[in-house]
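Listed below, chain by chain, are the residues.
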Amino acid sequence: MKKFFFLALVALAGMTACGTKNAEPTTDATSEEQQSVGSSDIAYVVVEGVLSESDIYKNEGIPLQEKTEKTQKKWLQRRQNLEAEAAQLNEKYQKGLITTNNMQIEAKKLEDRMASLQATIQKEGQTLDEENFVFTNRAQDLMRRAIQNINADRRYKIIFDGSALLDADSTLNISPAVLQEVNRLYAEESKDKK
């Protein structure tokens, strides 16, 4: 489930380009010079690492993950219990310990309980999906705003997601600064909610 959060967040974050400029060709000699992108114009963020260390994940993501896992285990246990009851009922019938009429009545009750469980799973599942969606969007928004704040001076022409890099100089990694800004923005949001 932890991978679910990270994969969703990484997919939403993607590659972030900040402050790119479209050059329009002109006939001026000075305009014909192209700007080159130097190493100081490029940065990368290890999105998954930032998110796993962020306060929002520690305070909200982990409890949501635990809640989801607990709920899924509860559903599985209830389903297994109903299946065991159905097997016991069938065994009693096969041994001739209950009548056909009683078997049909009990089977109908089990069928109704299974339908009720399916409805509960669907309802609770939708709620959990929505909570996960909201959490993912909030974390992605914090990440986006943190990167925008860090690059407010347009120091970087492009910022990559570090998970897509094969090799890069660690001096281009701005993940610690992004993490700090994500945590600052999250603390600010939390303070405003109180």
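Numbering of residues begins from 1 in every chain and follows the order in which that chain's sequence is written. Selection of residues for local features in this predicted model requires a pLDDT of at least 70, selection of side-chain atom pairs for listing and counting requires 80 or more, and totals for whole chains, interfaces and linings are taken over all residues. For the side-chain quantities, the full set of heavy atoms in the structure was used; hydrogens and water were omitted.

Enquirer: Explanation requested: the side chain of Asp-161 in the structure shown.
Expert: Helix numbers and strand numbers start at the N terminus; a helix is a DSSP run of H or I with at least 4 residues, a strand a run of E with at least 2. As for its placement among the helices and strands, Asp-161 is situated in strand β2 (residues 158–161). For Asp-161, a relative accessible area of 8% puts it in the buried group. Among the polar contacts made by the side chain of Asp-161, one reaches the main-chain amide nitrogen of Ser-163 at a distance of 3.0 Å. Burial status follows relative accessibility: with a 1.4 Å probe on protein chains alone, a residue under 20% of its type maximum counts as buried, one over 50% as exposed, and anything between as partly exposed. In protein, a polar contact requires one atom able to donate a hydrogen and another able to accept it; more generally it is a pair of N or O atoms within 3.5 Å, and residues adjacent in sequence count only if both atoms are side-chain atoms.

Enquirer: Could you clarify how one ought to interpret the confidence of the model for the protein in this entry?
Expert: As a note on interpretation, predicted positions should not be read in detail where pLDDT is low. Predictor confidence is given residue by residue as pLDDT, running from a minimum of 0 to a maximum of 100. For the protein, per-residue confidence averages 84 on the pLDDT scale, and residues scoring 70 or more make up 80% of the total. Contacts are residue-level and defined by heavy atoms, with any inter-residue pair within 4.5 Å sufficient. Predicted confidence is poor over residues 1–34, with pLDDT under 50, and the contacts of this stretch with residues over four places away or in other chains come to 51 contacts.

Enquirer: Can you help me understand unusual backbone geometry in this one?
Expert: Backbone geometry follows two general trends: most residues other than glycine have a negative phi, and most peptide bonds adopt the trans configuration. For Arg-154, which is not glycine, the phi dihedral falls at a positive 60 degrees. Here Arg-154 shows up in the loop between α5 (100–150) and β2.

Enquirer: Would you take a moment to explain the environment of Glu-124 for this structure?
Expert: Relative to the helices and strands, Glu-124 resides in helix α5. Given the relative accessible area of 25%, Glu-124 is considered partly exposed. Once the C-alpha coordinates of Glu-124 and Thr-71 are considered, the two residues, 53 residues apart in sequence, prove to be 8.3 Å apart. Excluding its chain neighbours within four sequence positions, the residues that come into contact with Glu-124 are Thr-71, Lys-74 and Trp-75. At 2.7 Å, the side chain of Glu-124 and the side chain of Trp-75 are in polar contact.

Enquirer: What am I meant to see in the nonpolar core here?
Expert: One broad trend across soluble globular proteins is that nonpolar side chains are buried collectively. Judged by nonpolar contacts, the single largest core of 22 residues is most densely connected at Val-45, Met-143, Ile-159, Ile-174 and Val-178. Taken together, the elements giving at least two residues each to this core come down to β1 (42–45), α3 (47–53), α4 (55–94), α5 and α6 (175–193). It is α5 that contributes the most residues to this core, seven residues altogether. One finds Trp-75, Leu-89, Met-103 and Leu-117 within the second-largest nonpolar core, a separate group that totals eight residues. What is meant by a nonpolar core is a set of buried Ala, Val, Leu, Ile, Met, Phe, Trp, Tyr and Cys residues, joined one to another through side-chain atoms within 4.5 Å.

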